[in-house]
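A structural walkthrough
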Amino acid sequence: MSTEEIEIVEREIDEAFAESELIKLGYSQAVWTLLSVVEDHHFKIRVYNPIEENQQDIYIDGLLNALTYPLQVCHKNFPDHKAKINRTLIDSDYETANKWIDKAEDYTHFCSIFPLFHNGEIELKISGKNIIPTDWTEYDLSYEVYDRFIKKRHSEAEEPSDPNSVAMSVRSQTSVKKGSFKLNFSPRLVKELKDHLHKTHQLRFSLPDSWEFQYFSIQEFKEVFTTIQSMSYGWFIARQFACAEGIPALGFKDALWTPAKTELIARLRRYTGIAQEKIEKIVEYLTFGEAGVRNPDIAIQPIIDLRNGELAISTFVLLNVNCERNLCVLLNQIKEERKIYSGLVKDKEDKLRDEIIDKIKSAGYEIRHGELDDTDVDLAIIDRELKKCIAIELKWFIEPAEIREVIQRSKEVKKGVEQAKKITELWRKSDKRLINDILAVDESFDFLAVVAPVTSIGNPSSQDINIPVIKTWHLIDEILNIGDLGKVMEWLKNRDYLPKKDVDFKIEQVGIKSGDWSSIWYGITHA
């Protein structure tokens, strides 16, 4: 089918998704209702009726992805005007918001299918009103599953925070009155919340504090964002205390934290000590659709301007986004920041190598690196006693969040694979510069070149049978845990690091629909 015909189908699907009864409520009310309903779902699966942690992760990821699309419709299609919000739980509005979010979950799949088609990854056929993609069961989905299931960072970063240590302080500042709850953000409470989350926040950040952007430094951004995040965390705990006191509808009325914009900026100025003009710019960058971003994403810009003087801050969103990763995505969407950011990436790769060296050296391995004629050995880990050598092509790029980013990052992984193949070929040819000067080994060593991106190993089209691709810290953890470079090399060659179908994960058919159009796509679950 021609590209032009497919594009007509795309437009019809877009138009069908944009239709919702919620639109009739007006911008402020529609956005508040959407965010409050999603907040309610999050509260129920985390607190009121918890589901298993691995299922929580999948549910939260899907809900966060789906939420962006209705918000985009509201942002683009509504005129600016002030409106007072009715914060009462209205069953019909709640159900309407639910239906739109359900539609968004199907629409998310369509937003994967069409970019894959335009990139030549899949083919599409049309039969009546049914879109038939290439049979996805023919593809090796273990790489996609790996990126979803395997964390990008070493295990110490994954320790959950225990709210009990701050619970009593939050409770003392929580008031419940006339069916509403409120949390008094005293300077003492905010400091306690920030201190409580400090370790988690620090482990989630890896960009150097010295990085300076157009209007603020990374350190200033982190300070402002983590302060907002800590306050949001406090609001989430306060809701639990309000529920314990029997507040109606599980506190739905105040589930969404909606401070006045002027109040939030004043509080951030007070709690961080950062200049007001910098705080205003950071808040602008974090606000959905601001800073010239054409297709905003709630994970990238997690604050919503309700256009009535208030900002909507969802604890669901704030507690489940990667601030640093999202800042990198955002900076690449802002023309005046993009060039600055690009110039800092090489610095980050150098610091990544230094961090790995600090980890590996403590285990007794030798580390080497150096330049070749048309490529570099970013890092080589050598065990001279066992005569083993792993050469690592490091890749540091922004973690992909949607299919277009996955496609782009996969191309970057492919470049890394080509570099690793060059190094492998030089080893095969007994290149003196590589073997004698850089590695200082001999041909009796076992050698393996691998690609180690920090965030994503790319899709199947970026892989090569002779070059394993594995996340940086997954590889480093395994080297340290196994303690035998030879066994690690076999583990890599056999691709034992990849999840196994029907052992670690299952693939399910998912029927999707938007307007008159329907299709079959796939979903991934734990086995």
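Up top you'll find the structure we're talking about.
Residues numbered from 1 in each chain as written. Predicted model: local features only at pLDDT ≥ 70, side-chain atom pairs only at ≥ 80, totals over all residues. Heavy atoms only, no water.

Taking strand neighbours across the sheet as the criterion, the four strands line up as E1-E2-E12-E11 in an open arrangement whose pairing is mixed. Looking at strand neighbours, the two that pair on one side only are strand E1 (124–127) and strand E11 (505–514), the edges of this open sheet. Put simply, the sheet's adjacent strands are angled 35 degrees from each other on average, direction ignored. Note: E1 against strand E2 (residues 130–133), four bridges, orientation antiparallel. Across the sheet, the residue bridging to isoleucine 126 is isoleucine 131, located in E2. With respect to the sheet, helix H5 (residues 142–149) is in contact with E11 and strand E12 (517–526), its orientation differing from that of E12 by roughly 60 degrees. (Pairing = 2+ DSSP bridges. Helix = DSSP H or I, 4+ residues; strand = E, 2+ residues; numbered from the N terminus. Axes fitted to C-alpha atoms, helices over the stretch in contact; angles between N-to-C directions. Contact = heavy atoms within 4.5 Å.)

Of all the positions in helix H16 (residues 472–482), only Thr472, Trp473, His474, Leu475, Ile476, Glu478 and Ile479 are classed as buried. The inward-facing, buried residues of H16 contact H5, helix H13 (335–361), strand E8 (376–383), strand E9 (388–395), strand E10 (446–453) and helix H17 (485–493). With its phi angle positive at about 75 degrees, glycine 483 sits one or two positions after the end of H16. (Buried < 20%, exposed > 50% of the residue type's maximum accessible area, 1.4 Å probe, protein only.)

When we look at a pair of aromatic rings, we describe it by the centre distance and by the angle of the planes. The tally for this structure, following the rule as stated, stands at 21 aromatic pairs. Taken together, a centroid distance of 5.2 Å and an interplanar angle of 45 degrees make the contact between phenylalanine 185 and tryptophan 257 tilted. A residue pair is termed long-range when its members are at least 10 positions apart, and phenylalanine 185 in the loop between strand E4 (180–183) and helix H7 (187–204) and tryptophan 257 in the loop between helix H8 (218–244) and helix H9 (261–272) qualify at 72 residues. For phenylalanine 185, a relative accessible area of 4% gives the class buried. Judged by relative accessible area, which is 5%, tryptophan 257 ranks as buried. Connected via pairs of aromatic rings, a cluster forms that spans Trp211, Phe213, Tyr215, Phe216, Phe221, Phe225 and Tyr285. The ring of tyrosine 215 carries the charged tip of lysine 281 above its face, separated from the ring centre by 4.4 Å. Positioned over the ring face of tyrosine 27 is arginine 307, at 3.6 Å from the centre of the ring. (Phe/Tyr/Trp six-rings, centres within 6.5 Å; stacked < 30°, edge-to-face > 60°. Lys NZ or Arg CZ within 6 Å of the ring centre and 35° of its normal.)

Applying the stated criterion to the full structure yields 24 salt bridges. Between arginine 368 and glutamate 366 there is a salt bridge whose closest N-O contact spans 3.6 Å. Residue arginine 368 is classed as partly exposed on the basis of its relative accessible area, which comes to 24%. Through salt bridges that share partners, Lys414, Glu418, Lys421 and Asp464 make up one connected network. (Salt bridge = Lys/Arg side-chain N within 4 Å of Asp/Glu carboxyl O.)

Contact geometry of helix H1 (residues 3–17) with helix H4 (residues 91–118) gives a least axis separation of 11 Å together with a crossing angle of 165 degrees. Judged by the angle between their axes, H1 and H4 are roughly antiparallel. The handedness of the crossing between H1 and H4 comes out as left-handed. Residues Thr3, Ile6, Glu7, Val9, Glu10, Ile13, Asp14, Ala16 and Phe17 of H1 pack against Trp100, Lys103, Ala104, Tyr107, Phe110, Phe114, Phe117 and His118 of H4. (Parallel < 35°, antiparallel > 145°, perpendicular 65-115°, else oblique. Left-handed = near helix turned anticlockwise from the far one by under 90°.)

This brings us to the side chain of glutamine 301. Note that glutamine 301 resides in the loop between helix H10 (276–286) and strand E5 (303–305). Residue classification places glutamine 301 among the buried positions, given a relative accessible area of 1%. Separated by 3.0 Å, the side chain of glutamine 301 and the backbone nitrogen of glycine 289 make a polar contact. If we ignore the near neighbours within four places in the chain, the residues touching glutamine 301 are Glu284, Tyr285, Leu286, Thr287, Phe288, Gly289, Glu290, Val293, Pro296 and Leu330. (Polar contact = N/O pair within 3.5 Å; in protein donor to acceptor, adjacent residues only side chain to side chain.)

This part covers the pairing of E10. Within E10, seven of the eight residues are buried, which leaves the element mostly enclosed by the surrounding structure. For E9 and E10, the ladder comprises eight bridges, and the chain directions are parallel. Looking at the pairing, glutamate 393 lines up with valine 451 of E10.

Let us look at the environment of isoleucine 398. Structurally, the position occupied by isoleucine 398 is in the loop between E9 and helix H14 (403–428). Along the sequence, isoleucine 398 and lysine 76 sit 322 residues apart, while their C-alpha atoms lie 26 Å from each other. If we ignore the near neighbours within four places in the chain, the residues touching isoleucine 398 are Arg325, Cys328, Val329, Asn332, Tyr341, Arg409 and Thr455.

What follows deals with unusual backbone geometry. One non-glycine residue, leucine 250, adopts positive backbone phi at about 55 degrees. The residue leucine 250 is located in the loop between H8 and H9 in this model. Positive phi outside glycine occurs at alanine 440, with the angle close to 55 degrees. Following the sequence through the fold, alanine 440 ends up in the loop between helix H15 (432–439) and E10.

By secondary structure assignment, the location of lysine 388 is in strand E9. Among the residues examined, lysine 388 registers a relative accessible area of 17% and is labelled buried. There is a polar contact of 2.3 Å between the side chain of lysine 388 and the side chain of aspartate 446. When residues no more than four places from it in sequence are discounted, the contact partners of lysine 388 are Ile381, Ile382, Asp383, Phe445, Asp446, Leu485, Gly486 and Met489.

The subject of this paragraph is the layout of surface pockets. Each pocket or cavity is described by its volume, and for the second largest pocket that value is around 330 Å³. Forming the boundary of the second largest pocket are 18 residues, of which Phe181, Lys182, Trp235, Trp257 and Thr258 lie nearest the centre. Sorting the residues of the lining of the second largest pocket by element identifies E4, H8 and H9 as the ones contributing at least two each. Top element by residues in the lining of the second largest pocket is E4. It accounts for four residues. (1 Å grid on protein atoms, 1.4 Å probe; cavity = no way out; pocket = protein on both sides within 12 Å on 5 of 7 lines; lining within 4 Å. Points joined across faces, edges and corners; volume = space filled by probe spheres on them.)

Here we take up the sheet that holds E9. Pairing is mixed across the open sheet formed by four strands, whose spatial order is E7-E8-E9-E10. Single-partner strands in this sheet number two, and they are strand E7 (366–371) and E10. Within the sheet, the average angular offset between the axes of one strand and its neighbour, ignoring direction, is 25 degrees. Relative to E8, E7 runs antiparallel, the two sharing five bridges. By the bridge assignment for E8, glutamate 371 is matched with aspartate 376. Most of the contacts of H14 go to E10, to which it runs at about 165 degrees, and overall it touches E8, E9 and E10. The strands that H15 touches are E7, E8, E9 and E10; relative to E7, the one it contacts most, it runs at about 130 degrees.

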